[in-house]
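Spelled out, the chains give:
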Amino acid sequence: MARIAYDRIKDQLAGKVRTHPLLRRLLYLILDLLFLRSWFLRREIRRWIRAREEMPFLVLDAGSGFGQYDRFVLSESSLAEIVAVDVKQAYLQDAEAYMRSTGFGDRIRYRQVDLLELEEDSGYDLILCIDVLEHIEEDREVLRRLQRALKPGGTLMIHSPSHLSAEDAMGEEDSFVDEHARAGYSDAELREKLISSSLQVERTGYTYGFWGHLSWVWTVKWPMLWLTRFGMSGLLLVLPWYLITFLPGMAMNALDLFGSNRKGAGIYAVAKRPGSPTPSEDSGIP
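Residues numbered from 1 in each chain as written. Predicted model: local features only at pLDDT ≥ 70, side-chain atom pairs only at ≥ 80, totals over all residues. Heavy atoms only, no water.

A. Spatial organisation of the pairing of strand E3 (residues 108-112). With five bridges joining them, strand E2 (residues 80-86) and E3 adopt parallel strand pairing. When the bridges of E3 are listed, Val83 appears paired with Arg109. Handedness of the β-α-β unit built from E2, helix H5 (residues 89-102) and E3 comes out right-handed. (Pairing = 2+ DSSP bridges. Helix = DSSP H or I, 4+ residues; strand = E, 2+ residues; numbered from the N terminus. Right-handed = clockwise from strand over helix to strand, strands pointing away.)

Now the structure itself:
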């Protein structure tokens, strides 16, 4: 099996979509549909926003990447403000230019920050950390810093590959992704690390169970392998393949989302910093 340099593919995509806002919006749509983690996280974010009862809130997107979750949050609530941080300045610059074109630019700020050097104190109502921790050896230190960045009563939402994703995330010549510091987390390990960081775990759950993992293999893994091996000519395989597999893949994602996964290749967690929520009327982008 060919090795995929996942970060290189992401950088190539970033180079393509920076040319026009509509291309970036199309990318967000594709990411939301094909990547099952987005189905789970968008559901959790919607639930959290609805429970706010029209109170303004400040979000930290810790490892914002392409920025699709930032646009989702801002489009879901006119009361949201966001600070998006990432280690890649090019990603931040592209996202900032896009957000200015959408009219959301005045409610989001961008900072180039290594999460191991994050210096925030009790400022955020919600922190998103989506498929980031598996890249960082010192994940406990990152969790401690994210805990300090939350207001008392604030919420942290995490998604990561699980320990069961090892066949696709680690290994030698047959690995799918080789940029990870670990294969992923078990439910017990993730809970322990959150609790040891003085966070209260509200719930955890596995994603990419039987149906979700099969959808991912069909609609993400194999097409990316073809594009890696054959370059742009791989589209001659990918486009007809999606005509066959797209609708079944979306149905499988729905089965995964609304089912109950006893195990899966991904895992998510929702945790809180202990304490009573503080009023957010005076919150603003720091």
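Read on for the rest.
B. The arrangement of a nonpolar patch on the surface in detail. Taken together, the side chains of Leu23, Leu26, Leu29 and Ile30 present a nonpolar region at the surface, about 330 Å² in accessible area. Mapped onto the secondary structure, Leu26 falls in helix H2 (residues 21-34). Under the relative-accessibility criterion, Leu26 is labelled partly exposed at 44%. (Patch = residues over 30% accessible without salt bridge, like charges linked within 9 Å, V, L, I, M, F, W, Y side chains within 5 Å. Areas by Shrake-Rupley, 256 points an atom, 1.4 Å probe, with all protein chains shown as cover. Salt bridge = Lys/Arg side-chain N within 4 Å of Asp/Glu carboxyl O. Buried < 20%, exposed > 50% of the residue type's maximum accessible area, 1.4 Å probe, protein only.)

C. Up close: the pattern of salt bridges. Summed over all chains, the structure comprises 19 salt bridges. Its salt-bridge partner being Arg52, residue Asp125 comes within 3.7 Å of it at the nearest N-O pair. Note that Asp125 is positioned in strand E4 (residues 124-130) and Arg52 in the loop between helix H3 (36-50) and strand E1 (57-62), a separation of 73 residues in sequence. You can call Asp125 buried: its relative accessible area is 5%. With relative accessibility at 13%, the residue Arg52 sits in the buried group. Among the ionic pairs, Asp187 bridges to Arg191, the shortest N-O distance being 3.1 Å. Separated by four residues within a single helix, Asp187 and Arg191 lie in helix H8 (residues 187-196), roughly one turn from each other. Residue Arg191 is classed as partly exposed on the basis of its relative accessible area of 30%. Connected via shared salt-bridge partners are Glu44, Arg47, Glu202, Arg203 and Lys272.

D. Structural view of the sheet that holds E2. Strand order in the open sheet made by the seven strands is E3-E2-E1-E4-E5-E7-E6, with mixed pairing throughout. Strands at the two margins of the open sheet, each flanked by one partner only, are E3 and strand E6 (200-207). If you compare each strand with its neighbour and ignore which way they point, the axes differ by 15° on average. Of the strand pairs in this sheet, E1 and E4 are connected by three bridges, and their pairing is parallel. The partner of Val59 across the bridge, within E4, is Leu126. (Axes fitted to C-alpha atoms, helices over the stretch in contact; angles between N-to-C directions.)

E. Looking closely at the nonpolar core. Ile45, Val73, Leu128 and Met157 are the most contacted members of the largest nonpolar core, which has 44 residues in total. Per-element tally for this core: the top contributor is H3, with seven residues. Here Val73 is in contact with Ile45, Ile49, Phe57, Val59, Ala80, Ile82 and Leu128, once residues within four sequence places are set aside. Within the second largest apolar cluster, 29 residues are counted, among which are Val113, Cys129, Ile136 and Leu190. (Core = buried A, V, L, I, M, F, W, Y, C linked by side-chain atoms within 4.5 Å. Contact = heavy atoms within 4.5 Å.)

F. Representation of the environment of Asp139 in the model. Take Asp139: it is sitting in helix H6 (residues 139-149). Asp139 sits 23 residues away from Leu116 along the chain, and the two C-alpha atoms are 8.5 Å apart. Apart from the residues lying within four places of it in its own chain, the contact partners of Asp139 are Leu133, Arg182, Tyr185 and Lys193.

G. Main features of the packing of H2 against H3. Taken N-terminus to C-terminus, the directions of H2 and H3 make an angle of 90°; their axes are 4 Å apart at the nearest point. On the basis of their axis angle, the class for H2 and H3 is roughly perpendicular. Packed against H2, whose contacting residues are Leu31, Asp32, Leu33 and Leu34, the element H3 presents Leu36, Ser38, Trp39 and Arg42 at the interface. (Parallel < 35°, antiparallel > 145°, perpendicular 65-115°, else oblique.)

H. Inspection of helix H9 (residues 210-230) at higher detail. Look at H9: 29 Å from first C-alpha to last across 21 residues, which is about the 30 Å you get at 1.5 Å a residue. Along its length, H9 reaches its greatest deviation from straightness, about 40°, at Val217. Regarding H9, the residues found buried are Gly212, Ser215, Trp216, Val217, Thr219, Val220, Lys221, Pro223, Met224 and Leu225. Looking one or two residues beyond H9, the residue adopting positive phi is Gly231, at roughly 70°. (Expected span 1.5 Å × (residues − 1). Bend = angle between axes of the 7 residues up to and from the residue.)

I. Layout of the packing of aromatic side chains. Scanning the entire structure with this criterion turns up seven aromatic pairs. Look at Phe66 and Tyr91: their rings are 5.4 Å apart centre to centre, the planes differ by 25°, and that puts the pair in the stacked class. With Phe66 in the loop between E1 and helix H4 (68-76) and Tyr91 in helix H5, the pair connects residues that are 25 residues apart, well separated along the chain. No difference in accessibility class separates Phe66 from Tyr91, as the two residues are buried. Members of the aromatic cluster, each reached through a chain of ring pairs, are Trp222, Trp226 and Trp241. (Phe/Tyr/Trp six-rings, centres within 6.5 Å; stacked < 30°, edge-to-face > 60°.)

J. Quick look at the pairing of E1. Counting buried positions along E1 yields six of six residues, so the element is predominantly enclosed. Alternating positions in E1 separate into two faces, Phe57, Val59 and Asp61 on one and Leu58, Leu60 and Ala62 on the other, with burial throughout. Between the parallel pair E1 and E2, the chain is carried across by H4, and the sense of this crossover is right-handed.

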